[in-house]
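# Structural description and commentary
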Amino acid sequence: MPAKNATQWSSIPGKLKSGEYVDSRIYSDRDIFEEELSKIWRNIWVPVCHESELPDPYCFRTMTIAREPVIVVRGNDNQVRAFLNVCPHRGNMIENRPSGTFESGTPSGAPKHMTCMFHAWQFDMKGNCAHISRAEEGYQDRLKNKDIGLRRLRCEVKYGGFVWVSLNDKIEKSVEEWLQGAFDCMQHSIDAEPLEVFHYHKAIIPCNYKLWHDTNSEFYHDYLHYHNRITGFNDSYFARQCKGFDNGHVNVGSFEVQYDQYEGFESREELSFPHLPANHWEMIDLFPGMNFNLRGSALRVDLMTPLGPDKVMIEYRGLGLKSDTEEQRLIRQRHHNSIWGPFGRNLHEDLVAVSTQQAAMNEWADERKILHGRHENETIHDEVGMRHFYDEWGKWMDRWPGDPELTYDQGLKKAA
Amino acid sequence: MNLDKVRQDVTETIYKASIFLDECNWLDWLNLCDKDFYYSIKAYSPEINKDMIYLDGDFEHMSSLTDMLPKHNTDHSPLTRHTVVYTVDIDKKNKIAETISSFALYQTQLDGINSHILAGETNLFMVGKYKDKFSLNDESPLFVERTVQLDTRRLDKGSHWPI
């Protein structure tokens, strides 16, 4: 077929219908990005860290959700709580470190308290204000400890020990209700015994967070990955089933990976996760941008923090069992790293691909249709995962993904 | 054993390794290594308060890894090491040398994203230390172990290449 002129290029190709493509502007428009932060990311459950990163009372981790600084702490009652990492006095960030413990004091504050270094206001692990410096001298009876405290956020520990936080105090659904069975495929494996994070690295790449999520939602891109083709691409690979859940989540079903087909790699049958058949692979893509990936011996979890319409931070964690012996842990690490580590075979390929994808659809480029039209009985090369995601996205944003200038209902009517 | 000569030979071997790695000359790099060679890339994470291994393998694994590179889609932007050997400690009795070197790894953009705009630009990619162990049994020192101890944990696109 001949190459296309400008008009043909921007029109819908072949017999593809509405819902089988999205408009490239959803990946590059600044206003759409800001809306996503306020409409979606501020109102859903976000898995922010793992409980093993807070091993003892007074341990903490800091992170960001939709540009809000957040701190997660384990109290002396062993309960995990989340707060805005913001001092109620003059709005300073209370804690700058990525992790640590409040067990010992800081230059400005007492042990076992969160202390804002600026004016030494202190808070306990439940967010209560424990100390205002020179309170009576400055505030007389107008402001007392009891009048002020940290902004507490909704927080649950669930599904393999992950800490879920929401900025929305009024969020109606619990984590379990929000996920609507999406974790059924691996819950038995990841809840069998305590897990532990053994790997952490981060990538900040020039792409929209949804492009990374798309890559995790479809396996047609295994043409990018020599490893996946050589260890998959058989009848059971092509029979893997994709299943959509309410709220935009998707499960990519399992099959037995032939790891030893890749030169230098070994079967993972000796060290599978509990209740996971040897060399099997379950994957969950959660709306709007998290991925839980259980491959044989290791769990990989991608958590995204959107930084801009064309910029995302991805935190990569690898997890094993807390009960691992030293030898078992080394094996899990090696298996994890060989594919998903920063020097592994697949991850680098994925990151190169999405970076160049964004480069070709920046905010100044002509809008174009991004095709999500593969139908193969919802099996592994079907693009149903992305269609499911963008249908949910459209409802949250009240925009039609195929033409974001239309509302969702307008797009639906036009499609009909 | 002439200690000064051993120190010089070991130091030159480290610099040769950097040159071969810069050139992606994996064969010559591995020819500097003993058959019992063990390679690892490690980092400490303040996020999870753990020492981590980002990649490891023996001679056979590293040989296979480099052999398989042409099968993979890769960012071919050249990497350039600035290596400085800090210390060389020689154990005459066991014929072993242990060294610590500092390295800074730069990446000059080629085909990683948009070559028209970015190709030719050099950025700092990662910094760390090489902790090496050599056997001194043969004519020339041979690497028996290299630990790449990274300070950098934000690795963005990462790399398929040994560091």
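In every chain, residue numbers begin from 1 and rise along the written sequence. Each chain is given a letter, starting from A, and each ligand a number, starting from 1, according to the order in which they appear as written. Only residues with pLDDT of 70 or above have their local features reported here, since the model is predicted, and side-chain atom pairs are shown and tallied only from 80 upward, although totals for entire chains, interfaces and linings are computed over all residues.

## Describing the overall build of chain A
Put simply, the rule reads: Strands here are runs of E lasting at least two residues and helices are runs of H or I lasting at least four, both read from the DSSP assignment and numbered beginning at the N terminus. Here the globule rule reads 2.2 Å times residues to the power 0.38, and the radius of gyration is calculated from C-alpha atoms. Residues with at least 20 other C-beta atoms within 10 Å of their own are called buried, those with 12 or fewer are called exposed, and the rest are partly exposed. The C-beta atoms themselves are positioned from the backbone. For every residue pair, C-beta atoms are placed from the backbone, and the pair is scored as a contact if these atoms sit within 7 Å.
What chain A contains, in helices and strands, is 12 helices and 19 strands. Relative to the compact-globule value of 22 Å for 416 residues, chain A shows a C-alpha radius of gyration of 23 Å, a close match. Along the first, second and third principal axes, the C-alpha set of chain A runs to 80 × 55 × 35 Å. Taking all 416 residues of chain A together, the buried fraction comes to 48%. Here the contacts in chain A between residues at least 6 apart in sequence split such that 63% fall between residues at least 24 apart.

## Some thoughts on the overall build of chain B
Helix and strand counts for chain B come out as 4 helices and 6 strands. Put simply, chain B runs from its N terminus to its C terminus through helices and strands in the order α-α-β-β-α-β-β-α-β-β. For 163 residues, the compact-globule estimate of 2.2 N^0.38 gives 15 Å, and chain B sits close to it at 16 Å. Principal-axis analysis of the C-alpha atoms places the extent of chain B at approximately 55 × 35 × 25 Å. A burial count over chain B gives 33% of its 163 residues as buried.

## Looking at the sheet that holds strand 10 (residues 152-158) of chain A
Backbone-to-backbone hydrogen bonds pair the strands of a sheet. The strands run either parallel or antiparallel. Residues and elements named next belong to chain A. In plain terms, the rule: One bridge is not enough; two strands pair if DSSP finds at least two bridges between them. Here the axes come from fitting lines to C-alpha atoms, over the contacting stretch only for helices, and the angles between their N-to-C directions go from 0 to 180 degrees.
Ordered by their spatial adjacency, 7 strands build an open sheet running 2-11-10-5-4-3-6, and the pairing between neighbours is antiparallel. The sheet terminates laterally at strand 2 (46-50) and strand 6 (99-101), the two strands that pair on one side only. Sheet twist, expressed as the mean angle between neighbouring strand axes with direction ignored, is 30°.

## Brief notes about the domain arrangement of chain A
Residue and element names in this part refer to chain A. The following threshold applies: What counts as a domain boundary in this text is fixed by an automatic or database domain assignment.
Its domain assignment divides chain A into domain 1 (46-156) and domain 2 (181-397). Centre-to-centre separation of domain 1 and domain 2, based on C-alpha positions: 34 Å. If you look at the interface, domain 1 gives 5 residues, while domain 2 gives 9 residues.

## Comments concerning the confidence of the model for chain B
Rules: Per-residue confidence from the predictor is reported as pLDDT, which spans 0 to 100.
With 100% of its residues at a pLDDT of 70 or more, chain B has an overall mean of 96. Taken over the whole predicted complex, pTM reads 0.95, whereas the ipTM for its chain interfaces reads 0.94.

## A short note on the interface of chain A and chain B
As a reminder, the rule being used: Following the grouping adopted for this structure description, the nonpolar residues are Ala, Val, Leu, Ile, Met, Phe, Trp, Tyr, Cys and Pro, the charged ones are Asp, Glu, Lys and Arg, and the polar ones are all others, Gly among them.
Counting residues at the interface gives 32 residues for chain A and 32 residues for chain B. Among the elements of the structure, strand 12 (195-205), helix 9 (326-340) and helix 10 (347-359) of chain A are those that each provide at least two residues to the side of chain A that touches chain B. When residues in the side of chain A that touches chain B are grouped by element, the largest group, 9 residues, is from strand 12 of chain A. Residues of the side of chain A that touches chain B, tallied by class, amount to 16 nonpolar, 10 polar and 6 charged.

## Section: unusual backbone geometry
Residue proline 288 of chain A is bonded to the preceding phenylalanine 287 of chain A through a cis peptide linkage, with omega at 0°. Mapped onto the elements, proline 288 of chain A comes out in the loop between strand 15 (281-286) and strand 16 (290-295). We note that lysine 112 of chain A has phi near 60°; this positive angle belongs to a residue other than glycine. When you line up the elements, lysine 112 of chain A lands in the loop between strand 6 and strand 7 (114-115). Lysine 112 of chain A gets classed as partly exposed once you count the C-beta atoms within 10 Å, which come to 18. Of note, the phi angle at aspartate 156 of chain B is positive, near 45°, even though the residue is not glycine. Looking at the element boundaries, aspartate 156 of chain B is found in the segment after strand 6 (142-150).

## Some points on the pairing of strand 12 of chain A
All names here are of chain A. Strand 12 sits mainly inside the fold: 9 of its 11 residues count as buried. Note that strand 12 and strand 18 (residues 311-321) share 10 bridges and pair antiparallel. If you follow glutamate 196 over to strand 18, its bridge partner there is glycine 320.

## Examining the nonpolar core
Residue and element names in this part refer to chain A. Rules: By convention in this section, buried Ala, Val, Leu, Ile, Met, Phe, Trp, Tyr and Cys residues joined through C-beta atoms within 7 Å make up a nonpolar core.
Val48, Val70, Val72, Val163 and Val165 are the most contacted members of the largest nonpolar core, which totals 133 residues. Mapped onto the domain boundaries, this core takes at least three residues apiece from domain 1 (46-156) and domain 2 (181-397). Each residue touching valine 72, except ones within four places of it in the same chain, is listed here: Val48, Cys49, Leu54, Phe60, Arg61, Val80, Ala82, Val163 and Val165.

## Points about the sheet that holds strand 8 (residues 122-123) of chain A
All names here are of chain A. Spatially, 3 strands are ordered 7-8-9 in an open sheet, and the strand pairing comes out antiparallel. Edge positions in the sheet fall to strand 7 and strand 9 (129-131), since each of these pairs with one other strand and no more. One ladder, built from 2 bridges, connects strand 7 with strand 8; its direction is antiparallel. Bridged to threonine 115 within strand 8 is glutamine 122.

## A closer look at the environment of lysine 126 of chain A
All names here are of chain A. Along the chain, the position of lysine 126 falls in the loop between strand 8 and strand 9. With 16 C-beta atoms counted inside 10 Å, the residue lysine 126 sits in the partly exposed group. The spatial distance from the C-alpha of lysine 126 to the C-alpha of alanine 82 is 9.0 Å, given a sequence separation of 44 residues. With sequence-adjacent residues up to four places away left out, lysine 126 is seen in contact with Gly75 and Arg81.

## Looking at the environment of asparagine 377 of chain A
Residue and element names in this part refer to chain A. Checked against the element boundaries, asparagine 377 lands in the loop between strand 19 (369-371) and helix 11 (384-397). Residue asparagine 377 is classed as exposed on the basis of its 9 C-beta neighbours within 10 Å. Residues asparagine 377 and aspartate 191, spaced 186 residues apart in sequence, show a C-alpha to C-alpha distance of 31 Å.

## Some thoughts on the environment of valine 175 of chain A
All names here are of chain A. Structurally, valine 175 is set in helix 4 (residues 175-179). The sequence separation of valine 175 and tyrosine 21 amounts to 154 residues, and the corresponding C-alpha distance is 30 Å. Residues in contact with valine 175, not counting those within four places in the same chain, are Trp45, Glu156, Lys158 and Trp164.

## Structural notes on helix 10 of chain A
Residues and elements named next belong to chain A. Keep this limit in mind: By this rule the span expected of a helix is its residue count minus one, scaled by 1.5 Å.
In this model helix 10 runs 19 Å from its N-terminal to its C-terminal C-alpha over 13 residues, within 8% of the 18 Å that 1.5 Å per residue would give. Three or more residues of helix 10 are buried, namely Leu347, His348, Glu349, Asp350, Leu351, Val352, Val354, Ser355 and Gln358. Of the surrounding secondary structure, the elements contacted by the buried residues of helix 10 are strand 12, helix 6 (209-217) and helix 9.

## Examining the packing of helix 6 of chain A against helix 10 of chain A
All names here are of chain A. In plain terms, the rule: Each angle is binned into one of four classes, with values under 35 degrees roughly parallel, values over 145 roughly antiparallel, values of 65 to 115 roughly perpendicular, and all other values oblique. Put simply, a crossing is left-handed when the front helix is turned counterclockwise from the back one by less than a right angle, and right-handed when it is turned clockwise.
In contact at an axis separation of 10 Å, helix 6 and helix 10 are set at 135° when each is read in the N-to-C sense. In terms of orientation, helix 6 and helix 10 fall into the oblique class. Judged by the sense of rotation from one axis to the other, the crossing of helix 6 with helix 10 is right-handed. Note on element contacts: helix 10 touches helix 6 through Asp350, Ala353, Val354, Gln357 and Gln358, opposite Leu211, Trp212 and Thr215. Of the residues assigned to the contact of helix 6 with helix 10, the class counts are 4 nonpolar, 3 polar and 1 charged.

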